[in-house]
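What follows is the residue order along each chain.
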Amino acid sequence: MNLEDDKQNKWNLCCSSVYKAEIVFLTQILFLFIILIFSIVQIIMKAENLEIYFSLISSIIGILIPQPKMTRND
């Protein structure tokens, strides 16, 4: 990777330089956890359509848990 590619892959924030992929990843995880907490609160408060919140929770869990891999160790 040359210097020009490195500059394009980083953002300058406050007093440091951060990779764009890190910020995007952390932002996505933050939004997933906000939706997860909101869904759990709605279920606890017995909202009208609980199916929606259970679907959101199962979708988030499906996104966060890595897929299984079938590999053989020789």
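Residues numbered from 1 in each chain as written. Predicted model: local features only at pLDDT ≥ 70, side-chain atom pairs only at ≥ 80, totals over all residues. Heavy atoms only, no water.

A. Region of interest: the packing of helix α2 (residues 20-44) against helix α3 (residues 50-64). Axis separation between α2 and α3 bottoms out at 9 Å; the angle between their running directions is 150°. Between α2 and α3, the angle falls in the class roughly antiparallel. In this structure, the crossing between α2 and α3 has a hand that is left-handed. Residues Ile29, Leu32, Phe33, Ile35, Leu36, Phe38, Ser39, Ile40, Gln42 and Ile43 of α2 form the contact with α3, whose participating residues are Leu50, Tyr53, Phe54, Leu56, Ile57, Ile60, Ile63 and Leu64. Of the residues assigned to the contact of α2 with α3, the class counts are 16 nonpolar, two polar and no charged. (Axes fitted to C-alpha atoms, helices over the stretch in contact; angles between N-to-C directions. Helix = DSSP H or I, 4+ residues; strand = E, 2+ residues; numbered from the N terminus. Parallel < 35°, antiparallel > 145°, perpendicular 65-115°, else oblique. Left-handed = near helix turned anticlockwise from the far one by under 90°. Contact = heavy atoms within 4.5 Å. Nonpolar A, V, L, I, M, F, W, Y, C, P; charged D, E, K, R; others polar.)

B. Fine view of the nonpolar core. Core analysis: the largest hydrophobic core is formed by seven residues, namely Leu32, Leu36, Ile43, Ala47, Tyr53, Ile57 and Ile60. Listing elements by their share of this core, those giving two or more residues are α2 and α3. Leaving out residues up to four positions away in the same chain, tyrosine 53 has contacts with Phe38, Ser39, Gln42, Ile43 and Ala47. (Core = buried A, V, L, I, M, F, W, Y, C linked by side-chain atoms within 4.5 Å. Buried < 20%, exposed > 50% of the residue type's maximum accessible area, 1.4 Å probe, protein only.)

C. Fine view of unusual backbone geometry. At lysine 46, a residue that is not glycine, the phi angle is positive and equals roughly 55°. Tracing the chain through its elements places lysine 46 in the loop between α2 and α3. Accessibility expressed as a relative area gives 67% for lysine 46, which makes it exposed.

D. Focus on the packing of aromatic side chains. In this structure the tally under the stated criterion is one aromatic pair. Consider the rings of phenylalanine 38 and tyrosine 53, whose centres lie 5.9 Å apart with planes at 70°: the pair is edge-to-face. Note that phenylalanine 38 is positioned in helix α2 and tyrosine 53 in helix α3, a separation of 15 residues in sequence. (Phe/Tyr/Trp six-rings, centres within 6.5 Å; stacked < 30°, edge-to-face > 60°.)

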